Each structure stands twice: as C-alpha cells, then as structure tokens.
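Architecture and fold: a report
The chain contents come next:
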Amino acid sequence: MGKATVLTISDTHFPYHRPECFDFLNELKKSYKPKHVVHLGDEVELSAFSKWQKDPAMTGARDEYLAALKCMKMLYKIFPKVQVCVSSHGSRIYRKAMDAGLPMEVMKSYRQIWEAPSTWTWHDRIVIDNVCYIHGH
C-alpha cells in the first residue's frame, strides 16, 4: 500500500470520542506521513448548544466546551496543520448565537473559540488535487 497524500478525519465529536482515537490517529500519521490533513467536520459535539431537547444528566455547556477544547489541543499536537470542513455540530455555537439575534460581528472565529494554531483553517469546502471535501448539512 502506498503512502497517502491526504489523510481525512471525520466525526471525532469531542469530548464524546472513542478513548483510543488519539493513539489511532498518531499511528495513521506515522504510517502514512500525509502531505495534507483534512477533518471532514463534527470535530466537536456541542450537545449543550443543540436545538434538541437535552438530557438533564448531561454536562453543561461550559464543561462540555472545556472538555472539547482539551481534546482539540491534543489533536493540534498530532496534526499541527489541518483544514477543517465547517459542519453541523461544529457550527452549533454560531446557530445558537443567530437564534439569539447576535450578529456575526460579535462572534469569535473558529480559531479563537478552539484556541487553534494559525495553521488550522475552517472552510465550507476544501479542494485538493481535484477532490472536493465537504461536510454538508
């Protein structure tokens, strides 16, 4: 099997991820040495920001955010440069703000919210070597 040019990651749903995901992703990186890494979206869960009914036993918004942020920081260490597709779960913060009538001008960027390095970027769609990567909604 040849080395991958693009490694795609999808639906990590931090902080509700599989515990072994970081070891698995580290192994993929070592094995394939990708030139590009694309996260197809739903990098975070953000259940507390959902429009759907919440389980009263579930973690509150702040605790869920902080736990997801810790996971994202672990991912930055594995993959210092990633292009991320804007997604249904990842954009829940923005939709919640829109529902509250807040203009986008008062919102932080994805990079600011997730304290991401400047080499992490979020896009509606990503095209590499004539292949389009998109989360879709």
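For the structure itself, consult the block above.
Below or above, wherever it landed, is the structure these notes cover. Owing to the predicted nature of the structure, the values given are computational and were not obtained by experimental measurement.

**Comments concerning the pairing of strand β1 (residues 6–9)**
Alignment of β1 against strand β2 (residues 36–39), held across four bridges, turns out to be parallel. In the strand pairing of β2, Val6 is matched with His36. One crossover worth recording links β1 to the parallel β2 by way of helix α1 (residues 21–32), and it is right-handed.

**Regarding the packing of α1 against helix α2 (residues 61–78)**
Two measures define how a pair of helices packs: the angle their axes make with one another and the distance between the axes. Look at α1 against α2: their axes get within 10 Å of each other, and the N-to-C directions meet at 15°. In terms of their interaxial angle, α1 and α2 are classed as roughly parallel. Regarding α1 and α2, the two cross each other, and that crossing is right-handed. On α2, the residues touching Phe22, Leu25, Asn26 and Lys29 of α1 are Cys71, Met74, Leu75 and Ile78. Within the contact of α1 with α2, the residues separate by chemical class into six nonpolar, one polar and one charged.

**Side note on the nonpolar core**
Counting residues in hydrophobic clusters, the biggest one holds 31 residues, and the most contacted among them are Phe14, Met72, Phe79, Trp114, Trp120 and Trp122. Those elements that provide at least two residues to this core are β1, α1, α2, β3 (82–85), α3 (92–99), α4 (110–113) and β4 (120–123). Setting aside residues up to four positions removed in sequence, Trp120 forms contacts with Met72, Leu75, Tyr76, Phe79, Pro80, Lys81, Val82, Val84 and Arg111. One finds Val6, Val38, Cys85 and Ile128 within the second-largest nonpolar core, a separate group that totals six residues.

Calculation criteria
Residues numbered from 1 in each chain as written. Predicted model: local features only at pLDDT ≥ 70, side-chain atom pairs only at ≥ 80, totals over all residues. Heavy atoms only, no water. Pairing = 2+ DSSP bridges. Helix = DSSP H or I, 4+ residues; strand = E, 2+ residues; numbered from the N terminus. Right-handed = clockwise from strand over helix to strand, strands pointing away. Axes fitted to C-alpha atoms, helices over the stretch in contact; angles between N-to-C directions. Parallel < 35°, antiparallel > 145°, perpendicular 65-115°, else oblique. Left-handed = near helix turned anticlockwise from the far one by under 90°. Contact = heavy atoms within 4.5 Å. Nonpolar A, V, L, I, M, F, W, Y, C, P; charged D, E, K, R; others polar. Core = buried A, V, L, I, M, F, W, Y, C linked by side-chain atoms within 4.5 Å. Buried < 20%, exposed > 50% of the residue type's maximum accessible area, 1.4 Å probe, protein only.

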